[in-house]
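Reading the structure
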Amino acid sequence: MAETNANSRLEAFCDGVFAIALTLLIIDIKIPSTESITTTAEFWLALKHIAPSVLAFVLSFGVILITWVNHHNGLKLVHKSTPSFMFANGFLLLTVVFIPFPTSLLGEYLLTDHVAPAVVLYDSVLAFQAIGWILICEVAIRNHLTKSEAAALTTRKSGRYGYYALSVYSLFAIMAFWIPLTIAVITAIIWIFWLIIGIKIKHE
């Protein structure tokens, strides 16, 4: 029987990568062993200590989840793949699986005087993720992979958002050298914006 969805294997592979990235986020969130906690007060202090890591986890969980939703909807717009499309998709996945590393750094150093490198790296990864989106959209258009003219218009629109994201996160990565905490907060707010945009985009 012929396969009804030419991209079914690609979608399954991508879903697995996204699932692994989401799982890796939680690995570094842990409190000290029971041997080092002798009172309830110490337990509360331990939970307070990991609060930045929990916040970083929630942010990155949202980032990856929104990326997965947009990626899932984006694949609905194409009816086939090419090697260049799969490599572009692979580059996007690379940025996704790398997110847990800067997330761990952000959680560890968020409330310290050494947070700047973590925020710089975090926003740099988001900038590279934007490049991934740009590549996917441009390859889909150039290789005529979209299902319809309406799908092509939506893909072009997504590509434009990719350029906006690249500009914003590249600027944030530079500014984070001087105002890292402010940039970390703005980055979180920006992802609320991308969530709204993702909901409003119509997919065929």
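As a starting point, this report considers the structure included with it. From a predicted model like this one, the values you see are computed outputs, not experimental measurements. (Residues numbered from 1 in each chain as written. Predicted model: local features only at pLDDT ≥ 70, side-chain atom pairs only at ≥ 80, totals over all residues. Heavy atoms only, no water.)

Regarding its fold elements, the chain presents eight helices and zero strands. The order of helices and strands in the chain, counted from the N terminus, is α-α-α-α-α-α-α-α. With respect to the three principal axes, the spread of C-alpha positions in the chain is 65 × 45 × 25 Å. Evaluated residue by residue, the chain yields a buried proportion of 41% over its 204 residues. Taking contacts inside the chain between residues at least 6 apart in sequence as the whole, the part at least 24 apart equals 78%. Accessible surface for the chain amounts to roughly 11,500 Å². Of this, 71% is attributable to carbon and sulfur atoms. (Helix = DSSP H or I, 4+ residues; strand = E, 2+ residues; numbered from the N terminus. Buried < 20%, exposed > 50% of the residue type's maximum accessible area, 1.4 Å probe, protein only. Contact = heavy atoms within 4.5 Å. Areas by Shrake-Rupley, 256 points an atom, 1.4 Å probe, with all protein chains shown as cover.)

Take empty space enclosed by the protein next. One way to see where empty space is left: roll a probe the size of a water molecule over the atoms. As enumerated under the stated definition, the model contains two cavities of 30 Å³ or more in all. In this structure, the second largest cavity occupies an estimated 40 Å³ of space. Taken together, Glu11, Cys14, Asp15, Trp68, His71, His72 and Leu75 make up the full set of residues lining the second largest cavity. Elements that contribute at least two residues to the lining of the second largest cavity include exactly α1 (8-25) and α3 (51-75). Ranked by residue count, the leading element in the lining of the second largest cavity is α3, at four residues. (1 Å grid on protein atoms, 1.4 Å probe; cavity = no way out; pocket = protein on both sides within 12 Å on 5 of 7 lines; lining within 4 Å. Points joined across faces, edges and corners; volume = space filled by probe spheres on them.)

Okay, a nonpolar patch on the surface next. Together, Ile20, Leu24, Ile26 and Ile27 make up a nonpolar patch on the protein surface, roughly 340 Å² of accessible area in all. Among the secondary structure elements, Ile27 is positioned in the loop between α1 and α2 (40-49). The class of Ile27 is partly exposed, set by a relative accessible area of 46%. (Patch = residues over 30% accessible without salt bridge, like charges linked within 9 Å, V, L, I, M, F, W, Y side chains within 5 Å. Salt bridge = Lys/Arg side-chain N within 4 Å of Asp/Glu carboxyl O.)

The full count for this structure, using the stated rule, is one salt bridge. Its salt-bridge partner being Glu149, residue Arg156 comes within 3.7 Å of it at the nearest N-O pair.

On to the packing of aromatic side chains, then. Across all of its chains, the model carries six aromatic pairs by this definition. Ring centres 6.2 Å apart and planes at 80° place the aromatic pair Tyr169 and Phe172 in the edge-to-face group. Within this pair, Tyr169 and its partner Phe172 are both found in helix α7 (residues 149-175), separated by three residues, close to a single helical turn. A relative accessible area of 9% places Phe172 in the buried class. Ring geometry for Tyr169 against Trp191: centres 6.4 Å apart, planes inclined by 20°, an arrangement best described as stacked. (Phe/Tyr/Trp six-rings, centres within 6.5 Å; stacked < 30°, edge-to-face > 60°.)

Let us look at the nonpolar core. Ranked by internal contacts, the top residues of the largest apolar core, which has 47 residues, are Val63, Ile64, Phe85, Leu106, Val119, Tyr169 and Trp191. Looking at this core, the elements that each hand over two or more residues are α1, α3, α4 (83-98), α6 (116-142), α7 and α8 (180-200). Per-element tally for this core: the top contributor is α6, with 12 residues. (Core = buried A, V, L, I, M, F, W, Y, C linked by side-chain atoms within 4.5 Å.)

With that settled, the discussion passes to the environment of Ala150. Checked against the element boundaries, Ala150 lands in helix α7. The partly exposed category is assigned to Ala150, whose relative accessible area is 34%. Residues Ala150 and Leu77, 73 residues apart in the sequence, show an inter-C-alpha distance of 8.9 Å.

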